[in-house]
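Examination of the molecular architecture
Residue-level listing of the chains:
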Amino acid sequence: MELQGKIKMIDETKEYGKNGFRKREMVITTEEQYPQHILIEFVQDKTDLLNNYKVGQDVKISINVKGREWVNPQGETKYFNSIQGWRIENVSQAAGSADMPPMPPAEAFEPANDFNEEEHDDLPF
């Protein structure tokens, strides 16, 4: 699955436990009629993916939704969900045109003076 939005917050990488489990959280704000602030966590080596990003950038994030069950000391079962990111990419404002050079104005092209409508060609249109 993918989420797209503007980066609202990027937290520092935090380490947990004796085994050195690493986690880094970020929040993106979706750009829709009712914007949502969505917390996404990156774990272990994926925490480094956020190093080149900053607040305000438009991004697309590939995610997995994770769920787990926990039984508290009173015997009650609780369920928790998390959204884990595994890829992030920058989304430019001019989507798709970043790799294409700008189109010159129409005046930059020479008119076709030798065009003959009567001449047959084999193009289907």
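One can find the structure itself at the top, above this paragraph.
All residue numbers refer to position in the chain's written sequence, counted from 1. Residue-level local features of this predicted model are given only where pLDDT is at least 70; pairs of side-chain atoms are given and counted only at 80 or more, and the full residue set underlies all totals for whole chains, interfaces and linings. With hydrogens and water stripped out, all remaining heavy atoms of the structure feed into the side-chain values.

Some details on the overall build of the protein
- Counting its secondary structure elements, the protein contains 0 helices and 6 strands.
- A run of H or I in DSSP becomes a helix once it reaches four residues, and a run of E becomes a strand once it reaches two; helices and strands are each numbered from the N terminus. Reading the secondary structure of the protein in the N-to-C direction produces β-β-β-β-β-β.
- The buried share of the protein, taken over its 125 residues, is 24%.
- Only heavy atoms enter the contact rule, under which two residues are in contact if any of them lie within 4.5 Å. Taking as baseline every contact in the protein between residues at least 6 positions apart, the subset at least 24 positions apart corresponds to 50%.
- Surface accessibility of the protein: about 10200 Å² in total, with carbon and sulfur atoms responsible for 51%. Exposure categories follow from relative accessible area, calculated using a 1.4 Å probe and restricted to protein chains: below 20% of the type maximum is buried, above 50% is exposed, and the middle band is partly exposed. Areas reported as accessible are Shrake-Rupley estimates using a 1.4 Å probe. Residue values count occlusion only from the protein chains shown.

Remarks on unusual backbone geometry
- Even without glycine at this site, Q44 takes up a positive phi of about 50°.
- Mapped onto the secondary structure, Q44 falls in the loop between β4 (37-43) and β5 (58-71).
- The class of Q44 is partly exposed, set by a relative accessible area of 34%.

Considering the pattern of salt bridges
- When a carboxyl oxygen of Asp or Glu lies within 4 Å of a side-chain nitrogen of Lys or Arg, that pair is called a salt bridge. Across all of its chains, the model carries 7 salt bridges by this definition.
- The salt bridge involving K6 is made with D58; its shortest N-O contact spans 3.4 Å. Here K6, found in strand β1 (residues 2-10), pairs with D58, found in strand β5; they are 52 residues apart in sequence, far enough to count as distant.
- Residue K6 is classed as partly exposed on the basis of its relative accessible area, which comes to 31%.

Digging into the pairing of β5
- Here, a strand pair is defined by DSSP locating no fewer than two bridges between the strands. The sheet contact formed by β1 and β5 spans 5 bridges and is antiparallel. Across the sheet, G5 pairs through a bridge with V59, a residue of β5.
- Note: β5 against strand β6 (residues 77-90), 13 bridges, orientation antiparallel. Bridged to V71 within β6 is T77.

Some thoughts on the pairing of β4
- Counting buried positions over the 7 residues of β4 gives 5, a clear majority of the element.
- Of the pairings in the sheet, the one linking strand β3 (residues 21-29) to β4 comprises 7 bridges and is antiparallel in character. If you follow T29 over to β4, its bridge partner there is H37.

A closer look at the environment of E32
- Tracing the backbone shows E32 in the loop between β3 and β4.
- Residue classification places E32 among the partly exposed positions, given a relative accessible area of 45%.
- Considering only alpha carbons, one finds E32 and G5, 27 residues apart in sequence, at a separation of 9.1 Å.
- For E32, the side chain forms a polar contact with the side chain of T30, separated by 2.7 Å. Between N or O atoms, a polar contact is any pair within 3.5 Å; within protein, one atom must be a potential hydrogen donor and the other a potential acceptor, and residues adjacent in sequence are included only when both atoms are from side chains.

By themselves, these are just geometric observations and shouldn't be taken as functional.
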